[in-house]
Amino acid sequence: MKIIAGIVILLLGLLFLLRNIDVVDVGISEIVRTYWPLVLIALGIGLIRVSQKLRRKFRLEKEKVEPEVEGGEIGITRKFGSYDFDFRNKELRSGKIELAFGEAKIDIRDAIIPEGNNVLRILSKMGSVKIRANREQPLMIQAKVFMGDARIFESHQSGFSPEVEYKSDTFETSPSKLTLQIKQSMGEVVVSD
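Just so you know, these numbers come straight off a predicted model, no measurement behind them. (Residues numbered from 1 in each chain as written. Predicted model: local features only at pLDDT ≥ 70, side-chain atom pairs only at ≥ 80, totals over all residues. Heavy atoms only, no water.)

This brings us to the overall build of the protein. Broken down by element type, the protein carries three helices and nine strands. Helices and strands appear in the protein in the N-to-C order α-α-α-β-β-β-β-β-β-β-β-β. Classification of the 193 residues of the protein by burial places 34% in the buried group. Considering only residue pairs separated by 6 or more positions, the protein has 54% of its internal contacts joining residues 24 or more positions apart. As presented, the protein carries roughly 11,700 Å² of accessible surface, and 56% of it is formed by carbon and sulfur atoms. (Helix = DSSP H or I, 4+ residues; strand = E, 2+ residues; numbered from the N terminus. Buried < 20%, exposed > 50% of the residue type's maximum accessible area, 1.4 Å probe, protein only. Contact = heavy atoms within 4.5 Å. Areas by Shrake-Rupley, 256 points an atom, 1.4 Å probe, with all protein chains shown as cover.)

This is the structure:
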């Protein structure tokens, strides 16, 4: 914004100088009347640049996130923005995903679940958590929302403090299990195929 405003001021100064030394015969009112849209153009370009900087700063643009593993467990923390977590064909073990504001899309279809009961906790303050899962996986899903919507496949509750649970047919007998514990303060939790 500063660069564009500087260029506009420089051009106007150059026009005034050329008028004062009789190189250009243009009146000040004519210059203002003709070139005032440059101010609007400069402001528009400046707003676009500021918007892009804010998007980068607060990560409002969607970001693909690779799973972060700390000490054998998943540990992901994000504050603002929209994120895609892709666990397809990757090992999905116990851990925690913490989100503050925004949208998270988590794809666990075809995830590799290690032996044992793996518990992944997903904590979100405000926004939406959308999970793509395969019903054939050995899953147990518990979704709790303080205020908003909770939907796991066909089960749905909304309003104040909805809770929805799902357990696949293969969960009890499988040696490799995944439990998703999802807590959302305000917003929605959606688990679909």
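A few words now on the environment of P114. As for its placement among the helices and strands, P114 is situated in the loop between β4 (95-107) and β5 (116-132). Once the C-alpha coordinates of P114 and P175 are considered, the two residues, 61 residues apart in sequence, prove to be 8.6 Å apart. P114 has contacts with E91, L92, R93, S176 and K177, leaving out every residue within four places of it along the chain.

Looking now at the pattern of salt bridges. Counting across every chain of the model gives 10 salt bridges. Close ionic contact of R88 with D86 constitutes a salt bridge, the shortest N to O distance being 2.9 Å. When its relative accessible area of 36% is taken as the criterion, R88 is described as partly exposed. With a relative accessible area of 18%, D86 lands in the buried category. Note that K96 and E98 form a salt bridge whose closest N and O atoms lie 3.9 Å from each other. (Salt bridge = Lys/Arg side-chain N within 4 Å of Asp/Glu carboxyl O.)

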